[in-house]
Amino acid sequence: MLDTIRQKVRAGERLTFDDGMALFLEPDLLAVGQLANEVREKKHGDRTYFNRNMRVEVTNVCVASCLFCSFAKLEAHMPGAHTMTLEEAWHELEVRMDDPPTEVHVVNGLHPGLPFSYYEDLLKGFKRIKPDVHLKCFTGVEIHFFAQHYGMSYREVLERLRAAGLDSLPGGGAEIFDEDVRSRISADKATAKEYLEVHRVAHAMGMRTNITMLYGHIETFAHRVDHILRVRELQDETNGLQAFIPLAFHPDGNGMKNLPAPTAVDDLRTLAVSRLMLDNVDHIKAYWVSLTPDVAQIALRFGADDIDGTIVHETIYKAAGTRSPGALGYNELVRLIREAGRIPVERDTLYNVVREHPRAEAPEAAMKVKERNKRLA
Ligand code: V47
């Protein structure tokens, strides 16, 4: 089966649902990875993208009760619930202006008690502090909630937020599109159809977006392939997606804490299959917070061409027990990428090149031996 898939990939033929299933079931992980790597190198060579970004989660108060979430609090008065004042949120950017991010990525709970103007003012304030900062804010689920809660269409919500400074939408909230799984893990928020419609409307307005997939919980491989194919279908229609981001489930402190987290093999295979199936999406992101920097580094040989950014201040995965650090320094990201034998390319959110770094002359460990030998001579 893998030989047939290899021939199809090399001939530029589109893979089917059955091909996706075969790739998930193929025992030879390295062969699947190698094929994904071939596609990745054809698209991007050794170039590996990252950016200077920061996360702000302004509120964890959320009317939804997703089983996988360790971050949200149902009501504002509950212990651990917090909502930043606008000044507190802006301060997060202000204090980083000596080494400023090019992107602010905001993901929030679905707070029922804030006026819509809070979100508009939030964006306006970030742009006041740094007019050229890219605002990648509010998932498709949040946009759907705003539309319902404040009585607007998706387009009206997006237009008002764009007028306030919104530049693009992050990929959060996609979870798993299959209706049965979705209703079991996140029943009370945007459906798959609604989530995809938000992205469709954003694309029609010329806005770029990402889409994620939360894997490694109660879903099957068939659900993952179905999810990936729905992403491919939307992209055929709109061509507005920039990156697809598989997110590994983290079980600590949430309603599925009895489940084990996916293994590194599952992570690498899921990235590789995503790369192979999504022939119309440019970038596959190995999100280091969800994977750990170590697995994300290896993923750069399994189909991924992007590793996300410096981040600073991530709280969703921290609450769910990630072993990753809260932030990675710029030079640490460059080192991770170079040591993987790739070329680090700092990008902005829209994948314009900010700075391309030289590739490493040799793996770092070898350099150390050379330097040591030089010193000893
Ligand atoms: O929407 C929540 C997921 C997402 C858990 O667009 C969990 O560039 C695993 O979407 N285990 C937020 N995942 C993060 C996100 C994202 C990350 C990086 C880059 C981009 C981008 C987007 O995290 C949520 C949800 O799907 N999530 N809890 C958990 N326990």
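Reading the values: the criteria
- Residues numbered from 1 in each chain as written.
- Predicted model: local features only at pLDDT ≥ 70, side-chain atom pairs only at ≥ 80, totals over all residues.
- Heavy atoms only, no water.
- Helix = DSSP H or I, 4+ residues; strand = E, 2+ residues; numbered from the N terminus.
- Buried < 20%, exposed > 50% of the residue type's maximum accessible area, 1.4 Å probe, protein only.
- Contact = heavy atoms within 4.5 Å.
- Axes fitted to C-alpha atoms, helices over the stretch in contact; angles between N-to-C directions.
- Parallel < 35°, antiparallel > 145°, perpendicular 65-115°, else oblique.
- Left-handed = near helix turned anticlockwise from the far one by under 90°.
- Nonpolar A, V, L, I, M, F, W, Y, C, P; charged D, E, K, R; others polar.
- Near = heavy atom within 4 Å.
- Polar contact = N/O pair within 3.5 Å; in protein donor to acceptor, adjacent residues only side chain to side chain.
- Areas by Shrake-Rupley, 256 points an atom, 1.4 Å probe, with all protein chains shown as cover.
- Phe/Tyr/Trp six-rings, centres within 6.5 Å; stacked < 30°, edge-to-face > 60°.
- Arc of directions from axis to C-beta.
- Salt bridge = Lys/Arg side-chain N within 4 Å of Asp/Glu carboxyl O.

Asks: What should I look at first to understand the environment of His313 in this one?
Replies: Relative to the assigned elements, His313 resides in the loop between strand E9 (306–309) and helix H14 (316–319). Exposure remark for His313: the relative accessible area of 40% places this residue in the partly exposed category. In this structure the C-alpha to C-alpha distance between His313 and His105, which are 208 residues apart in sequence, comes to 11 Å. Excluding anything up to four places from it in sequence, His313 contacts Arg55, Glu57, Glu92, Arg96 and Gly326.

Asks: Mind showing me how you'd approach the packing of helix H3 (residues 29–44) against helix H11 (residues 264–277) here?
Replies: Relative placement of two packed helices is described by the angle separating their axes and the distance separating the axes. For the pair H3 and H11, the least separation of the axes is 9 Å and the interaxial angle reads 45°. Considered as vectors, H3 and H11 are oriented oblique to each other. Here H3 runs over H11; the crossing is left-handed. Facing H3, whose interface residues are Leu29, Val32, Gly33, Leu35, Ala36, Val39, Arg40 and Lys43, H11 presents Val265, Arg269, Ala272, Arg275 and Leu276. Classifying every residue of the contact of H3 with H11 by side-chain character gives eight nonpolar, one polar and four charged.

Asks: What's the story with the site of the ligand in this structure? I'm lost.
Replies: The immediate surroundings of the ligand are formed by 24 residues, with Lys136, Gly171, Glu175, Lys285 and Tyr317 found nearest. Measuring from a nitrogen atom of the ligand, one finds a backbone N or O atom of Phe68 at 2.8 Å. Side-chain polar atom of Tyr317 to a nitrogen atom of the ligand: 2.8 Å apart, as the coordinates give it. For the ligand, whose accessible area on its own is 620 Å², the fraction buried by protein is 97%. When contributions to the shell around the ligand are tallied by element, the ones reaching two or more residues are strand E6 (208–215), strand E7 (241–248) and H14. Split by residue class, the shell around the ligand holds 11 nonpolar, eight polar and five charged.

Asks: Help me out: how do you make sense of the packing of aromatic side chains in this one?
Replies: A ring pair, where both rings are aromatic, is described by two values, the distance of the centres and the angle of the planes. Under the defined criterion, the tally for this structure stands at 13 aromatic pairs. Between Phe138 and Phe146, the ring centres sit 5.5 Å apart and the planes meet at 75°, which makes this aromatic pair edge-to-face. Both rings, one in Tyr287 and one in Tyr317, keep their centres 5.7 Å apart while their planes meet at 75°; by these two values the pair is edge-to-face. Of this pair, Tyr287 sits in the loop between strand E8 (283–284) and helix H12 (288–291) while Tyr317 sits in helix H14, and the two are 30 residues apart along the sequence. Judged by relative accessible area, which is 9%, Tyr317 ranks as buried. Counting every residue linked through ring pairs, the aromatic cluster contains Phe116, Tyr118, Tyr119, Phe138, Phe145, Phe146 and Tyr150.

Asks: Whenever I open this one, helix H7 (residues 154–164) confuses me. Can you help?
Replies: Within H7, the full set of buried residues consists of Tyr154, Val157, Leu158, Leu161 and Ala164. Projected down its long axis, H7 carries its buried residues within an arc of 120°, all on one side. Along its buried surface, H7 packs onto helix H5 (116–129), helix H6 (140–150), strand E5 (168–169) and helix H9 (192–204). Following H7 by one or two positions, Gly165 has its phi on the positive side, about 130°.

Asks: Help me out: how do you make sense of the pattern of salt bridges in this one?
Replies: For side chains bearing opposite charge, pairing can occur when the charged atoms are close. Under the definition given, this model contains 30 salt bridges. For Asp19, the salt bridge is made with Lys8, and the minimal N-O distance between the two is 2.7 Å. Here Lys8 lies in helix H1 (residues 2–10) and Asp19 lies in helix H2 (residues 17–25), a separation of 11 residues in the sequence. Take Lys8: its relative accessible area is 17%, and that puts it in the buried class. Here Glu197 makes a salt bridge to Arg200, at a shortest N to O gap of 2.7 Å. In this pair, Glu197 and Arg200 are both assigned in helix H9, three residues apart and thus about one turn of the helix distant. Assessed through its relative accessible area of 30%, Glu197 is described here as partly exposed. You can call Arg200 partly exposed: its relative accessible area is 27%. Sharing partners across several salt bridges, the network here consists of Glu41, Asp46, Arg301, Arg342 and Arg359.

Distances and angles like these do not, on their own, reveal function.
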